[in-house]
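Examining the three-dimensional arrangement
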Amino acid sequence: MAKIVDGRMTHRYDGELVVFHIGMQINHWWRPDLWLPVFTAMPRMLKELSIEPDSGLLGFELLMGRGGPYVVQYWSSIDKLYAYASNPSQEHRPAWSRFNKLARKAPGAVGIWHETFAVERAESIYASTRPMGLPKATELVPVVGRHDRAQARFADGRTAARHP
């Protein structure tokens, strides 16, 4: 398990930033034949993206929501996200086709969802936590000087910890 980082930390990142939420909703728990293939597809995609330095994936967090698991992903480019999603030789496109086939077999048994955000500015604070979220995907830096307040970090946008 990652070590707790003492003190107040934030992120530092310059460049395009895309936040992508993607998840599944298990509506019929008694049908693992329908939701398990969807569940197991995401780790393969994340592994594929993580080992390819030019994929555009900066990092991710696996979470559990009300209806099932979801992933918050951080991307360096909307174009790279869409290129990955539509590439038939990578994991996503075949997984999407399999999901659609399963969804026709038993409508409503399992659902998927996603949300995409192009981020103009971002602010973050992490006090005595393990590395997670945006600074884990970018760069974790101490909060210093005038960046002690959220408003000041947000005013600096993506370079939240930039020094004056």
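Each remark here, short or long, concerns the structure printed above.
Note that residues are indexed from 1 along each chain, following the sequence as it is written. Since the coordinates come from a predicted model, pLDDT governs what is reported: local features require at least 70, and pairs of side-chain atoms require 80 or more to be given and counted, while whole-chain, interface and lining totals use all residues. By convention in this description, side-chain values take in all heavy atoms of the structure and omit both hydrogens and water.

1. Re the sheet that holds strand β2 (residues 17-26)
- By the convention used here, strands pair only if DSSP detects at least 2 bridges between them. Each helix is a run of DSSP H or I of at least 4 residues and each strand a run of E of at least 2, with the numbering of both proceeding from the N terminus. If you walk across this open sheet you meet the four strands as β3-β4-β2-β5, and the pairing is antiparallel. The open sheet is flanked by β3 (57-64) and β5 (110-119), the only strands paired with a single partner. Between one strand axis and the next, the sheet turns through 15 degrees on average, direction left out of account.
- Judged from the seven bridges that link them, β3 and strand β4 (residues 69-75) form a sheet pairing that is antiparallel. Paired with L62 across the bridge in β4 is V71. Axis lines are fitted to C-alpha atoms, over the contacting stretch for helices. Their N-to-C directions set the angle, which ranges from 0 to 180 degrees.

2. So, unusual backbone geometry
- Although it is not a glycine, S128 sits at a positive phi angle of roughly 55 degrees.
- Relative to the helices and strands, S128 is located in strand β6 (residues 126-129).

3. Some words on the environment of L49
- You can see L49 is positioned in helix α1 (residues 32-51).
- In the structure, L49 is positioned 10 residues away from G59 in sequence and 9.4 Å away in space, judged by C-alpha atoms.

4. Details of the nonpolar core
- Counting residues in hydrophobic clusters, the biggest one holds 14 residues, and the most contacted among them are M42, M45 and W75.
- Considering every element that reaches this core, the biggest residue donor is α1, with five residues.
- Note on definitions: a residue-residue contact is assigned when non-hydrogen atoms from the two residues lie within 4.5 Å. With residues up to four places along the chain from it excluded, the contact list for M45 reads Y84, E91, H92 and A95.
- Counting 11 residues, the second largest nonpolar core, distinct from the first, contains Y13, Y74, A122 and L134. We call a set of buried Ala, Val, Leu, Ile, Met, Phe, Trp, Tyr and Cys residues a nonpolar core when their side-chain atoms join them within 4.5 Å. Working definition: with a 1.4 Å probe on protein chains only, accessible area under 20% of the residue-type maximum means buried, over 50% means exposed, and in between means partly exposed.

5. Brief notes about the packing of aromatic side chains
- Two aromatic rings from Phe, Tyr or Trp, using only the six-membered ring of Trp, form a pair when their centres are within 6.5 Å; if the ring planes differ by under 30 degrees the pair is stacked, by over 60 it is edge-to-face, and anything between is tilted. Under the defined criterion, the tally for this structure stands at five aromatic pairs.
- Here the aromatic rings of W29 and W35 are separated by 5.7 Å at their centres, their planes lie at 70 degrees, and the arrangement is edge-to-face.
- By relative accessible area, W29 is classed as exposed at 52%.
- A residue is classified by how much of its surface remains accessible, and W35, at 14% relative accessible area, is buried.

6. A look at the packing of α1 against helix α3 (residues 92-105)
- It is the contact of α1 with α3, at a shortest axis distance of 10 Å, that shows an interaxial angle of 170 degrees. Taken together, the axes of α1 and α3 are roughly antiparallel relative to one another. Judged by residue contacts, D33, L34, P37, V38, A41, R44 and M45 of α1 engage H92, A95, R98, F99, L102 and K105 from α3.
- Looking at the contact of α1 with α3, its residues break down into eight nonpolar, one polar and four charged. By definition in this entry, angles of less than 35 degrees are roughly parallel, angles greater than 145 are roughly antiparallel, angles of 65 to 115 are roughly perpendicular, and the rest are oblique. The residue classification treats Ala, Val, Leu, Ile, Met, Phe, Trp, Tyr, Cys and Pro as nonpolar and Asp, Glu, Lys and Arg as charged. All others, Gly included, are polar.

Keep in mind these values describe shape, not function.
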